[in-house]
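Given next are the chains, with one letter for each unit.
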Amino acid sequence: MTDTIARAAEVLKGHRDSIDRLDAILVFTLAERFKHTQAVGVLKAQHDLPPSDPARESNQIARLEELAAQADLDPEFAKKFLNFIIQEVIQHHKKHQS
């Protein structure tokens, strides 16, 4: 292996190690988020509130798109990601109301 290839492999390993740590942060962050959304779902069910709040969802999406732009992340990707999470949360809330 040449020095250039060895150095590239070392740099690649460093990037992958960082990606692995960030993936762990994402998983634990999502777990924490879902703990809170589960509590919201229980509260909504106890008080006969609808499982979805379109106004809040719209505000959150706009907020996340703005944050994504500030972070140099594709705002459309951020929107799709949050929409996916919101739909999952709504399904959990519906389960609490059954």
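Residues numbered from 1 in each chain as written. Predicted model: local features only at pLDDT ≥ 70, side-chain atom pairs only at ≥ 80, totals over all residues. Heavy atoms only, no water.

1. A short note on the overall build of the protein
A tally of helices and strands in the protein yields three helices and zero strands. What you see in the protein, going N to C, is helices and strands ordered as α-α-α. C-alpha extents for the protein along the principal axes are approximately 65 × 25 × 15 Å. Roughly 7600 Å² of accessible area belongs to the protein as shown, and the carbon and sulfur atoms make up 61% of that amount. In the protein, 13 side chains carry a positive charge and 15 a negative one; their mean positions are 4 Å apart. (Helix = DSSP H or I, 4+ residues; strand = E, 2+ residues; numbered from the N terminus. Areas by Shrake-Rupley, 256 points an atom, 1.4 Å probe, with all protein chains shown as cover. Lys, Arg positive; Asp, Glu negative; His and termini not counted. Charge placed at Lys NZ, Arg CZ, Asp CG, Glu CD.)

2. Looking at the packing of helix α1 (residues 3-46) against helix α3 (residues 75-97)
To characterise two packed helices, one gives the angle between the axes of the helices and the distance between these axes. It is the contact of α1 with α3, at a shortest axis distance of 9 Å, that shows an interaxial angle of 40°. The angle between α1 and α3 falls in the class oblique. For the pair α1 and α3, the sense of crossing is right-handed. Facing Leu30, Arg33, Phe34, Thr37, Gln38, Val40, Gly41, Val42, Lys44 and Ala45 of α1, the residues of α3 in contact are Phe81, Leu82, Ile85, Glu88, Val89, His92, His93, His96 and Gln97. Residues that form the contact of α1 with α3 fall into these classes: nine nonpolar, seven polar and three charged. (Axes fitted to C-alpha atoms, helices over the stretch in contact; angles between N-to-C directions. Parallel < 35°, antiparallel > 145°, perpendicular 65-115°, else oblique. Left-handed = near helix turned anticlockwise from the far one by under 90°. Contact = heavy atoms within 4.5 Å. Nonpolar A, V, L, I, M, F, W, Y, C, P; charged D, E, K, R; others polar.)

3. Quick look at helix α2 (residues 54-70)
Taking 1.5 Å per residue, 17 residues should reach 24 Å; α2 reaches 24 Å between its end C-alpha atoms and fits that length. For α2, the complete set of buried residues consists of Glu57, Gln60, Ile61 and Ala68. For α2, the angular spread of the buried residues around the axis is 100°, confining them to a single face. Structural note: α2 exposes Arg56, Asn59, Glu66, Ala69 and Gln70 on the side pointing more than 90 degrees away from its buried face. Each element contacted by the buried residues of α2 is listed here: α3. In the segment just after α2, Asp72 is the residue with positive phi, at about 65°. (Expected span 1.5 Å × (residues − 1). Buried < 20%, exposed > 50% of the residue type's maximum accessible area, 1.4 Å probe, protein only. Arc of directions from axis to C-beta.)

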